[in-house]
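# Structural overview
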Amino acid sequence: MEFSTWEQALLAILVIATIAIFAVSLRPRLQAILAGKPDRPRTDRLGRRLATAAKEVLLQTRVIGGRPVAGAMHAAVFGGFLFFALETADHFLKPYGFHLLEALFGDSGVPVFKWILVLWAILVSIGILGLAYRRFVMVKISPDPKSYSSGVVALLIFLLMVTYLYAQSSPAAALAKANWWTHAAIIIVFPHLIIRSKHFHILMAPVNIFFRTERLAELKPLNLDVEALEEEMAEGEEPSFGLETLADLSWKERMDFLTCVECRRCTENCPANLAGQELDPRGFILDGRASIMGDLAPDQPVIGNVISETALGQCTSCGACEAVCPVGIEHLQVLTGAKRAQALSLGTGLVASDFFETVERRGNPFGESADLRKKLVEELGIPYYEPGKTEYLLWLGCVWGYNNDARSSLEAMVKILKAAGTSFGVLEKESCSGHHSRRQGEEMQFQTLAGENLERLKAAKVSKMVAPCPHCLHTIGREYPTLDEAFRPEVIHHSELIRELQAKGVLRLASSRHGGVATTYHDPCYLGRYEGVFDAPRDLIRAAGLRLTEMERHGRRAVCCGGGNAGFMSQKEEKVRVDQVRKKHVAATGATLLVTGCPECKMMLDAAVKETKDLAELVAEALVEERGADAS
Ligand code: SF4
Ligand code: SF4
């Protein structure tokens with residue numbers, strides 16, 4: 001195909017103009033991000049960050065996970081962007097006599113590459129038509145108001161593929177030229193639609209995923225050191241305690257707002273939203289976007305503009321939103337930041353004030369005296385931890401330590417550890433781990449409680465801990481070391497220790513003991529999604545002879561029991577509570593026994609079906625007595 005000089009000039013002008021207009025449109029978005037406060041280091045662990053971004057972007061793992069059909073169609077379209085990048089460069093260089101594909105692949109390689117492109121163009125066409133059908137026709141699946149830009153982008157992608165395929169059919173010269181210009185014109189218009197719509201994620205997603213924290217909801221401790229705060233104030237800086245105003249948002253939080261692809265995955269997995277409550281994770285991310293891109297002044301409050309007080313109080317910190325987001329958005333940084341502002345600066349809207357007060361007075365949310373725990377330890381014959389002698393510290397946590405309903409679970413665990421001959425013991429005194437205080441934004445209380453516990457744990461030289469409560473497990477194992485780097489014990493869940501003992505052969509279970517009772521298992525958020533422990537509890541359930549039926553939403557997609565964020569202790573005034581939603585999921589399996597791996601989940605979901613048991617209980621019931629050992 002020959003191009004005249006005026007065609008070459010026109011093309012050059014159009015390309016330069018499109019780049020210039022794109023740069024002008026990009027500027028306010030970049031400014032909105034750069035106006036953010038400094039964040040934690042986000043370029044450490046470079047190799048791991050690059051590997052995660054490559055896995056999630058190139059292989060589209062999160063896009064496909066949870067929505068396999070729509071995800072596969074999206075992956076086909078995304079693959080098109082990669083495959084057609086070279087073809088697009090070749091398309092724009094050809095009028096100037098430079099043949100990029102020939103230069104790269106040689107005369108013999110070009111036909112092969114073009115056949116791959118033809119195949120991919122067909123896949124992209126099917127994918128984009130399928131996605132458009134899902135979005136615009138299947139109203140039940142995609143109930144949102146339809147954005148016209150999505151429809152135009154879909155149409156342009158489809159036309160790009162059609163014009164490419166038409167070009168391969170060797171049309172007459174005039175038609176070929178018209179087709180060439182149509183293809184070029186679409187590519188020239190495309191970036192302007194991308195930047196003005198949710199399709200901006202095409203540029204932002206890889207960057208946002210690269211900058212995401214390694215773990216789910218990785219909270220950074222607030223610096224509450226009085227001297228440091230006084231110094232800041234002396235230098236004229238207002239110390240910041242969380243996200244009080246838009247000016248407190250970090251650059252990553254702002255980037256999150258601008259990257260959202262509006263896919264609704266977060267909202268569809270949010271337990272509060274499933275219960276019909278006001279909280280809508282996608283909604284507050286988009287309100288965040290509107291707040292920073294609109295004409296709101298930086299001193300405008302986050303609560304009220306980005307998220308309402310009511311919605312904020314409904315979050316259970318389950319992490320489902322963040323775990324499914326395909327573009328690396330960290331919802332919990334915003335949610336916890338806003339809660340920190342409530343608890344530490346504003347003093348309004350707190351949904352767990354009674355919880356804080358009780359914990360402050362008694363060191364546990366049940367308001368019980370430490371004597372009750374001491375009495376329980378003595379009654380059950382639990383040894384105290386002896387530095388240098390005892391192997392495992394059994395961390396009781398508040399529910400096992402103070403709630404009489406949990407006595408059977410603790411008794412079972414003690415029976416198991418004694419039967420296995422494991423060296424274990426408890427601390428004479430524990431304070432609440434501070435997990436729920438931290439989730440409620442009460443960082444001061446969290447750091448005080450953590451400080452008390454760290455002192456005891458370090459004095460006892462604890463190096464191995466076993467905890468039945470995933471909230472304590474996560475907080476002590478993952479978060480205490482961020483307060484004290486010297487504290488790095490191995491902290492495992494009781495299901496992991498029991499499975500290890502069983503695998504070693506020191507515990508034998510009679511699978512016939514439970515007679516194949518129909519059972520379902522609820523994955524606690526902080527054990528499954530946060531810590532990745534999915535197999536150990538299930539292995540034990542099967543080893544104990546129970547017939548496991550999974551709930552439709554299980555594993556990483558499990559729905560919270562509603563106990564998070566102190567929900568297990570507070571009476572939230574909601575029409576439909578989160579635990580009621582999960583109880584329905586439990587009942588739908590037809591199981592008569594619900595097994596949990598978290599004392600708080602057990603409290604929340606008790607009575608969902610005929611019986612609710614902790615993992616330790618069913619293992620203890622299936623224990624086979626060894627020679628002479630008293631396991632009864
Ligand atoms: S953490 Fe859980 S409850 Fe909170 S917004 Fe996300 S999905 Fe909803
Ligand atoms: S926050 Fe993430 S999961 Fe939620 S709608 Fe936006 S892109 Fe989708």
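Quick note: structure is the one above.
My aim in this report is to walk through the structure given alongside it, one point at a time. (Residues numbered from 1 in each chain as written. Chains lettered and ligands numbered in written order. Predicted model: local features only at pLDDT ≥ 70, side-chain atom pairs only at ≥ 80, totals over all residues. Heavy atoms only, no water.)

### Considering the overall build of the protein
When helices and strands are counted, the protein shows 28 helices and eight strands. Summarising its shape, the C-alpha atoms of the protein cover approximately 95 × 65 × 50 Å along the three principal directions. Counting all 632 residues of the protein, 54% fall into the buried class. Residue pairs at least 24 apart in sequence account for 77% of intrachain contacts in the protein once pairs closer than 6 positions are excluded. Accessible surface computed for the protein: about 27900 Å², of which carbon and sulfur atoms make up 57%. Separation between the mean location of the 70 positive side-chain charges and that of the 75 negative ones in the protein comes to 6 Å. (Helix = DSSP H or I, 4+ residues; strand = E, 2+ residues; numbered from the N terminus. Buried < 20%, exposed > 50% of the residue type's maximum accessible area, 1.4 Å probe, protein only. Contact = heavy atoms within 4.5 Å. Areas by Shrake-Rupley, 256 points an atom, 1.4 Å probe, with all protein chains shown as cover. Lys, Arg positive; Asp, Glu negative; His and termini not counted. Charge placed at Lys NZ, Arg CZ, Asp CG, Glu CD.)

### Looking at the site of ligand 2
Around ligand 2 sit 13 residues in total, of which C260, C263, R264, C266 and C325 are the nearest. Broken down by class, the residue content of the shell around ligand 2 amounts to eight nonpolar, one polar and four charged. (Near = heavy atom within 4 Å. Nonpolar A, V, L, I, M, F, W, Y, C, P; charged D, E, K, R; others polar.)

### Regarding the side chain of E443
Among the secondary structure elements, E443 is positioned in helix α22 (residues 443-459). Owing to a relative accessible area of 0%, E443 belongs among the buried residues under this scheme. A distance of 3.1 Å separates polar atoms of two side chains, one belonging to E443 and the other to R340. Not counting residues up to four positions away in its chain, the partners in contact with E443 are P221, L222, L224, R340, L344 and R438. (Polar contact = N/O pair within 3.5 Å; in protein donor to acceptor, adjacent residues only side chain to side chain.)

### A closer look at the sheet that holds strand β7 (residues 593-596)
Taken in spatial order, the four strands of this open sheet run β6-β5-β7-β8, and their pairing is parallel. Because the sheet does not close on itself, it has two edges, and the strands there are β6 (547-548) and β8 (611-614). Bridge analysis of strand β5 (residues 518-522) against β6 gives two bridges, and the strand direction is parallel. Residue pairing in the sheet places T519 in a bridge with L548 of β6. Relative to β5, helix α25 (residues 535-543) is tilted by about 165°, and along the sheet it contacts β5, β6 and β7. (Pairing = 2+ DSSP bridges. Axes fitted to C-alpha atoms, helices over the stretch in contact; angles between N-to-C directions.)

### Quick notes on helix α28 (residues 615-622)
For α28, a buried count of seven out of eight residues is recorded, marking the element as mostly surrounded by other parts of the structure. Three or more residues of α28 are buried, namely L615, A616, E617, L618, V619, A620 and A622. Between the side-chain oxygen at the start of α28 and the backbone nitrogen of A616 there is a gap of 2.8 Å, and the oxygen is on D614.

### A few points about the nonpolar core
Soluble globular proteins tend to bury their nonpolar side chains together. Counting residues in hydrophobic clusters, the biggest one holds 84 residues, and the most contacted among them are L394, W395, L410 and L457. No other element matches the eight residues that helix α20 (residues 407-420) contributes to this core. Once residues within four sequence positions are removed from consideration, L457 is found in contact with L393, W395, L427, V462, M465, I476, Y480 and F487. (Core = buried A, V, L, I, M, F, W, Y, C linked by side-chain atoms within 4.5 Å.)

### A word on the site of ligand 1
Within the structure, ligand 1 sits among 13 residues, and C270, C315, C318, G319 and C321 are positioned closest to it. Contributions of two or more residues to the shell around ligand 1 are made by α15 (320-324) and α16 (331-346). Split into classes, the residues belonging to the shell around ligand 1 amount to ten nonpolar, three polar and no charged.

### Concerning the packing of aromatic side chains
Aromatic ring pairs are described here by two measures, namely the spacing of the ring centres and the angle between the planes. In the structure shown here, the tally under the stated rule is 13 aromatic pairs. Between the aromatic rings of F3 and W180, the centroid separation amounts to 4.7 Å while the plane-to-plane angle is 65°, which identifies the pairing as edge-to-face. On the criterion of sequence distance, the pair formed by F3 in the segment before α1 (5-34) and W180 in helix α7 (residues 173-195) is long-range, its members being 177 residues apart. Among the residues examined, F3 registers a relative accessible area of 14% and is labelled buried. (Phe/Tyr/Trp six-rings, centres within 6.5 Å; stacked < 30°, edge-to-face > 60°.)

### Topic: the packing of helix α4 (residues 68-93) against helix α6 (residues 148-167)
Look at α4 against α6: their axes get within 12 Å of each other, and the N-to-C directions meet at 50°. Between α4 and α6, the angle is such that the two are oblique. Judged by the twist between their axes, the crossing of α4 over α6 is left-handed. Together, V77, F81, F84 and E87 of α4 and I157, M161 and Y164 of α6 make up the contact between the two elements. The residue inventory of the contact of α4 with α6, partitioned by class, reads six nonpolar, no polar and one charged. (Parallel < 35°, antiparallel > 145°, perpendicular 65-115°, else oblique. Left-handed = near helix turned anticlockwise from the far one by under 90°.)

### Details of the sheet that holds strand β2 (residues 424-425)
The four strands are arranged β2-β1-β3-β4 in an open sheet whose pairing can be described as parallel. The open sheet has two edge strands, β2 and β4 (490-493), and neither has a second partner. Bridge count for strand β1 (residues 392-394) against β2 is two bridges, and the pairing is parallel. Within β2, the residue paired with L393 across the bridge is G425.

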